[in-house]
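Tertiary structure, described
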Amino acid sequence: MALPKLQCITHALKNLSLLSHPDQRALVCVNQVRAMSRVKRRHTVPPFWLPKTTRTMYPEHMTPENEVFLKDVIEEKYSSPLKTECWERGTWAKNSMRCGLIGRKIGIYPMWTKDGTRLLTTLLQVSDNQVIKYIKPEDIVQGKRKRYRELGALVIGADHIDPRIVTKEYYSVFSEAGVMPKKKMSKFLITPNAKLSPGTPLYASHFQPGHYVDIAGITIDRGFQGVMKRWGFKGMPASHGVTKSHRRGGNIGSGGDKARVLLGTKMPGHMGRERRILRGLKVWRINTQHNVIWVHGPAVPGGVGSYVYIYDSVLPDHRHTQENHPPFPTCFQDEEEVEEELYDQELHTFREPSVQFVEK
Amino acid sequence: MVMAVVAAAALRSSSTRLSRLLPGVCGEAWGHQARRGAVLRVLPFIPTQDPDVIKKMPEDFRAVYPEFLPGPKPEYRNRLREKLERQDMLARRSVMPIPEFYVGSIMAVTVADPNASGKNNRFVGICIQRGDAGLRAWFILRNVVDHQGVEIKYEMYSPLLQSIEVLRLEKRLDDELLYLRDALPIYSTFPLDMEPEVMQEGAPVPVNPIKVQLKPRPWHERWERKNLQGVMDLGLPERFYKKAKLHEKPWEKYDLMKEYRATIPEEEQADIFREISPHYPLMESTRRRGKRKRVLPSIS
C-alpha cells in the first residue's frame, strides 16, 4: 500500500490512459482496497489518486518586466493554431457517436413558440472547449459487449486556467496537445469515425436547433434533509394531539418475521450533489457568437454557474438519421460561415411581429 | 445597532443632498422605498460623468423601465445571461413598444386569444401590481365588469400581446394597490371604451392622492398592518391597531444589509444603462409618441 504519492498518481494516470506509453500501461494500481459494503454515492474531497491541479504558490519576487515577458510568452505559445495537422474527417454512418460538449449553466428565462406557448429555457454556455486527446478503442478499458469494444474516446477540456498556477503533472496532460490547461475535463465515448485531432476547438454550433440532447450534471447540494423535503413525505398533522413529530416520517418497518428495516427504505439523509442525467431536451436556439445553447426546461441539474455535460440524445425517438444528422464530427466554425443566431422553426424570435391567430 | 442608525442617518442626509441636486429623481424614489413590497427596490442612481451617456440617458430611467435591472439575488445572476436577456427585451420593444406606466395607471391591453371572437381580446383596467425583471416582467390589471371583479396578469414580453396603451398615466400613494380587492367596486371600475387622456409632453407624472373606502372585514389581508396611505379610516376597534403596532418593524428601514441585498449596486446600474444607451432614441421616441397620441383626441 505504501506507494509514494507521486508514483500513485502516475499509476492512476496510466489507468486513465492519459499518459501515452502503451508498454507501461499494464501497471495498474492494484493496491486500492474498498472496505465499504456499498460504494459511497458522494465524496466531499476528490479521490487521492487524482493528480492535484494547482500548485502551492510562493513569492517569486518577479520584476514587472519579467511579468510582462512571461505573459507574452504564454500568449505567443497558445495563440498559434493546431500543433498537429488535422486528421482526416470521418463521415456520418448509422450508430455513429459524436463527442459532447462541456457547458456551464448560466440561467433560465422564458421563450415563446410561434403559437404563443410559453416555455422556460435553460441557457448553457460552451466556453473554450477544446479536444485534448483521442484514445483509440484498443487503448481504453475493454468492455464485455462488442459495441463498447469498438468505441474510442475523446478527452475534452473547458475553460482556460493560467498555466503558471498548475502542477507539472496536470500541465503535462495538456502540453502534448499544445492547448492551454483547462479547468474542467471530460471523456466522451465516440466511434472512431468521429475522432478529432487534439487542439480542435468545439463550439455551440456542434449542436443544431431542433435536435435533442442529454444533459448530465451534479445536482444542487441540499445537505442533510428530512423525509418531507428529501422524499416528499406528507408529514403528520399540525394539531389534533400530534407532538414533536410534525415533519417525521413515521413507521419504517414492521415487526413479525421480517424484524428489520428493508434496504432502500426512504429515510432522512444527504440530499443532492449527485450526478443526474436529464434525457431528451430539445435545443431551441443557439448563439454562435457567445456560444450559448438554449435547451428546453428549467430542470437541468445543478445551480447557476455549475458545469454540465451535453451529449447527443440516446433516446430511440431522437436518434439522428442520414437526412437529419448534426455536423459530423463537429462544426468547424472557423472554416465556414455560421449565422450568429440560430432558431428552431417553431420558436418565436423576438424580432418577429406579435403572434396572431387567424379566424377560420 | 447604534452604528447602523448613525450610518443610515448619514445616508439619509446624503439622499436629501442628492434630491437637492437632482430634483424629481431621488426624492420620489426614496419616498416610495419605505413602503415597497414585492416590487424591486432600487437605490438612487447618480448619473455618470460621461457627457455622451448623460446626453442620451433620461434621468428617471430606473423608474420608467425598472425591468431592465436584473433580480438582485447573487446566486441567480450571470452577466452574459443578463446581457442576452436585455438584447431580447430590446428586440421585442422594437416590434411592440411598451409605454411608460406605473402602478395606478389605467391601461388597455390587446391580446391574441384563439377563443375570442375576432381572435383578439382587449381589456381595460388599473395596474395594481408590477413585478419581476427581465423577460419575466409582468403587471396585473384590475377592473369590475358586470359587478364582478376581474384581474388579469400580463407578461410584458409575451408575443401574444398586440398592444399596450396607457389611457391615464398617473401614480398612486401606494406601491401596490392590492387593497382594491377589498375596496368598494366603484374604485376599480373603469369603462371599457375609455378615451386616452390628454397629457402634456415633458410634464411630470401626476400622483393621484385619492383615498379609497374599504369594505368592512373580512379582508384578504390585514390591511391595518400594511401602513397604507391611499385608504380612508379603516374604522376598526382599538385592539387591531394595538396588534398592528406589535407587528411593526420600524427598524427595517435602517437595515443597510437588507437594503444592499435587495438592490443592484450603483456601478452595475451604470454599466447596464451605458450598454442600452444606444437604444434610448428608439425607446424615447415611443415614449414621446405615446404622449402625443393622447393629445390628439382633445384637439378633434
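Structure first, text after, so check above.
Residues numbered from 1 in each chain as written. Chains lettered and ligands numbered in written order. Predicted model: local features only at pLDDT ≥ 70, side-chain atom pairs only at ≥ 80, totals over all residues. Heavy atoms only, no water.

1. Topic: the environment of Glu169 of chain A
Along the polypeptide, Glu169 of chain A turns up in helix α4 (residues 168–175). A C-alpha to C-alpha distance of 7.8 Å links Glu169 of chain A and Lys52 of chain A, two positions 117 residues apart in sequence. (Helix = DSSP H or I, 4+ residues; strand = E, 2+ residues; numbered from the N terminus.)

2. A closer look at the sheet that holds strand β5 (residues 161–168) of chain B
All names here are of chain B. Pairing within the open sheet is antiparallel, and its 5 strands lie in the order β4-β3-β2-β1-β5. Lying at the two open borders of the sheet, with one neighbouring strand each, are β4 (148–155) and β5. Shown here is a sheet whose adjacent strand axes are inclined to one another by a mean of 35°, direction ignored. Relative to strand β3 (residues 138–145), strand β2 (residues 120–131) is paired through 5 bridges, and the arrangement is antiparallel. If you follow Cys127 over to β3, its bridge partner there is Leu141. (Pairing = 2+ DSSP bridges. Axes fitted to C-alpha atoms, helices over the stretch in contact; angles between N-to-C directions.)

3. Looking at the pattern of salt bridges
Residues and elements named next belong to chain A. Throughout the structure, instances matching the rule amount to 29 salt bridges over all chains. Arg104 is paired through a salt bridge with Asp159; the nearest N and O atoms lie 3.4 Å apart. On the criterion of sequence distance, the pair formed by Arg104 in strand β1 (residues 101–112) and Asp159 in strand β4 (residues 152–160) is long-range, its members being 55 residues apart. On the accessibility criterion, Asp159 (8% relative accessible area) is buried. (Salt bridge = Lys/Arg side-chain N within 4 Å of Asp/Glu carboxyl O. Buried < 20%, exposed > 50% of the residue type's maximum accessible area, 1.4 Å probe, protein only.)

4. A few points about unusual backbone geometry
Cis geometry marks the peptide bond from Phe328 of chain A to Pro329 of chain A; its omega dihedral reads -10°. With respect to the helices and strands, Pro329 of chain A occurs in the loop between β12 (307–312) and β13 (341–343). Cis geometry is found at the peptide bond from Arg217 of chain B to Pro218 of chain B, where omega equals 5°. Position of Pro218 of chain B among the secondary structure elements: in the loop between β5 and α6 (238–247). One non-glycine residue, His61 of chain A, lies in positive phi territory at about 50°. Relative accessible area serves as the criterion here: at 72%, His61 of chain A is assigned to the exposed category. The phi dihedral of Asn291 of chain A is positive, around 55°, even though this residue is not glycine.

5. Examining the interface of chain A and chain B
The interface of chain A with chain B comprises 29 residues on the first partner and 29 residues on the second. For the chain A face of the interface with chain B, the top three residues by lost area are Trp112, Phe350 and Phe357 of chain A, together amounting to 26%. In this structure, Arg118 of chain A and Glu155 of chain B form a salt bridge, with 2.7 Å as the shortest nitrogen-oxygen distance. Counting across the chain A and chain B interface gives 10 residue pairs in polar contact (both at pLDDT 80 or more). Residue assignment for the side of chain A that touches chain B shows that the elements contributing at least two residues are β1, β2 (118–125), β10 (275–287) and β11 (292–296) of chain A. (Contact = heavy atoms within 4.5 Å. Buried area = accessible area lost by both parts, 1.4 Å probe. Polar contact = N/O pair within 3.5 Å; in protein donor to acceptor, adjacent residues only side chain to side chain.)

6. Points about the pairing of β11 of chain A
Residues and elements named next belong to chain A. Counting buried positions along β11 gives 4 out of 5 residues, so the element sits mostly inside the fold. Looking at chain direction, β2 and β11 are connected through 5 bridges and run antiparallel. Looking across to β11, one finds that Leu124 is bridged to Ile293. Where β10 lies against β11, 4 bridges are found, and the strand directions are antiparallel. The residue of β11 that forms the bridge with Ile286 is Ile293. Between β10 and β11, which pair antiparallel in sequence order, lie 4 residues; one of them, Asn291, sits at a positive phi of approximately 55°.

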